[in-house]
Amino acid sequence: MIQGWLVLAVAVGYIGILFVIAHLGDRRAGTMSSIRGRPTIYALSLGVYCTSWTFFGSVGQAALKGLDFLTIYVGPILLYLFGHRILERLIRLAKAERITSIADFIAARYGKSQRLAVVVTVIALIGIVPYIALQLKAVSASVTTLVDHLDFGLAPAPFRPDVPAMVAFGMATFACLFGTRHIDATEHQQGLMLAVATESLVKLVTFSVVGIYVTFVLFDGPGDLMRAIVDNPVGAHVLSGGLNGGNWIVMTSLSFLAILLLPRMFHVGVVENHTPAELTRARWLFPLYLVAINLFVIPIALGGLVRYGTAIEADSFVLRLPLDAGASFVTVLAFVGGLSAATAMVIVSSVALAVMVCNELVAPILVRREGRGGDEPDMVRTLLRARRVAIFAILLLAYVYHRLVADASALADIGLLAFAAIAQFAPAFFGALFWRRGTARGAIAGILVGFAVWVYTLAMPTFVEAGYGSSSLLLNGPFGLWLLRPQALFSLAFEPLAHGV
């Protein structure tokens, strides 16, 4: 039986290896931009799109809704295969105007409107905090699963360490060390991107190992797995369920927009781009990566349904299947893969959001206070300090959200909530790319109205379902006005996500 101390040692050792990789990448920053492998590093770093939602949540979503999980990857694949002109124009404009974030890009295209930049920053912060909380939830759940089955030598339950708090603190420390070394946000973070690219490989390899183990060790290949499903029809809906056209359109559209508008994806895909050769490599390698990491989602989901049915949460199948079978090595790999998926997302997202907060909220205040006569070195140190404080503040908010709300929601539900929030930028974003008659006032108005609808129809119900508010609000509407029910506004009968979007 695997020992608990070994799992903890592997986790600490893995994080230590990431520190070494990031440090080496920073030391060789002067040569990395010209090495032949840089386009591959760039393409793999885009794998930060695949978070713990992919590693654990895709299996859970497949077990519940069949092939619907594929929509989260269809959008990005379509963009990189057929929408490369959009990406090329976006990167070219960003380089020409020294863009540092999605907020900076949208504001710059509307006359460098500071108000618009602030609106985008605040909404991105509110939308992404639940997404970061999702990662804390996933890591916490995996650690809890192992603690419940292994002997960690921990104190009784009331005195056990707060795992999400420890994870949040560790990720914030990593982000501060390797994501805030330079005040110029257009300067490439070579070490950080090398670490993220490495984590993409770790996710792919570990998930594939788990999939191969479930398919060919727990079962005697795909044929045996299919026969088990026929004999135990609890998972028949995974393969036989029809496609929900409305949901597929909505979720594919959200994923198409997310790969462009999520702060971490804009940072990795646009700000960190060096040369056109990198985008050329990413056009085929990134879609191939998305296909590869999803090859074993259905087999793992089917294997979990055959073994457990609905007795345990489907999001835990990736970890529980090898754990309960006594496969110690595969269990450790599954844990490391989930940790890697969460770590990469949290670090890059917190860095990207901290850049936005610092540049759009803090810097203007400091400039007005200091005036032109301010001491520039002091200003640089203050901005770097502000960026680090912002990273810790973002992780603290995510931790609070995790404790208050995220524990009551599935991983996929939290992720889609964030996707829908970020989608509010889409009209202003595409207007900035292709239409020069738009105004900052129009962009602000559109984003704020869309955000208000998102809060009412999508965000507020999650708080009600978590116990913060009366369920009558969802059933009868505010003050009994049934036409204003948050999940059936004006009596529109759609599934909650499609309705809100």
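Residues numbered from 1 in each chain as written. Predicted model: local features only at pLDDT ≥ 70, side-chain atom pairs only at ≥ 80, totals over all residues. Heavy atoms only, no water.

A. Fine view of the nonpolar core. Among the nonpolar cores identified, the biggest contains 166 residues, and Tyr49, Phe105, Ile106 and Ile300 are the most heavily contacted of them. The dominant element in this core, judged by the number of residues it contributes, is helix 18 (residues 328-370), at 18 residues. If we ignore the near neighbours within four places in the chain, the residues touching isoleucine 300 are Val59, Phe207, Val210, Gly211, Val214, Phe317, Val318 and Leu321. Grouped together as the second largest cluster of nonpolar side chains are 6 residues, Cys358, Ala363, Leu383 and Ala386 included. (Core = buried A, V, L, I, M, F, W, Y, C linked by side-chain atoms within 4.5 Å. Buried < 20%, exposed > 50% of the residue type's maximum accessible area, 1.4 Å probe, protein only. Helix = DSSP H or I, 4+ residues; strand = E, 2+ residues; numbered from the N terminus. Contact = heavy atoms within 4.5 Å.)

B. Representation of helix 3 (residues 38-45) in the model. Extensive coverage of helix 3 is indicated by the burial of 7 of its 8 residues. For helix 3, the full list of buried residues reads Arg38, Pro39, Ile41, Tyr42, Ala43, Leu44 and Ser45.

C. Representation of the packing of aromatic side chains within the structure. According to the stated counting rule, one finds 13 aromatic pairs in the structure shown. Between tyrosine 49 and phenylalanine 419 the ring centres are 6.2 Å apart and the planes differ by 35 degrees, which places this aromatic pair in the tilted class. With tyrosine 49 in the loop between helix 3 and helix 4 (52-65) and phenylalanine 419 in helix 20 (residues 411-422), this residue pair connects regions lying 370 residues apart in the sequence. Judged by relative accessible area, which is 2%, tyrosine 49 ranks as buried. Where phenylalanine 55 meets phenylalanine 207, the ring centres are 5.3 Å apart and the plane angle is 70 degrees; that geometry is what we call edge-to-face. Remark: phenylalanine 207 occurs in helix 10 (residues 190-218) and phenylalanine 55 occurs in helix 4; sequence separation between them is 152 residues. By the burial criterion, phenylalanine 55 is buried, and phenylalanine 207 matches it. Through a chain of ring-to-ring contacts, the aromatic side chains of Tyr49, Trp53, Tyr73, Tyr131 and Phe419 assemble into a single cluster. Taking NZ or CZ as reference, arginine 307 lies 5.4 Å from the ring centre of phenylalanine 219, over its face. Over the aromatic face of tyrosine 308 sits the side chain of arginine 320, whose NZ or CZ is 5.5 Å from the ring centroid. (Phe/Tyr/Trp six-rings, centres within 6.5 Å; stacked < 30°, edge-to-face > 60°. Lys NZ or Arg CZ within 6 Å of the ring centre and 35° of its normal.)

D. The arrangement of the confidence of the model for the protein chain in detail. Chain-level pLDDT for the protein chain is 83 on average; 85% of the residues reach the 70-or-more range. Confidence, read as mean pLDDT per element, is least for helix 2 (residues 29-32) in the protein chain (55) and greatest for helix 15 (residues 276-293) (94). Taken as a whole, residues 152-159 scores under 50 in pLDDT and shows 9 contacts with residues more than four places along the chain or in a different chain. (pLDDT = per-residue confidence, 0-100.)

E. Local environment of the side chain of threonine 343. Looking at where threonine 343 falls in the secondary structure, it is placed in helix 18. Only 2.6 Å separates the side chain of threonine 343 from the backbone oxygen of leucine 339, close enough to count as a polar contact. With sequence-adjacent residues up to four places away left out, threonine 343 is seen in contact with Ile15, Leu18, Met171 and Glu199. (Polar contact = N/O pair within 3.5 Å; in protein donor to acceptor, adjacent residues only side chain to side chain.)

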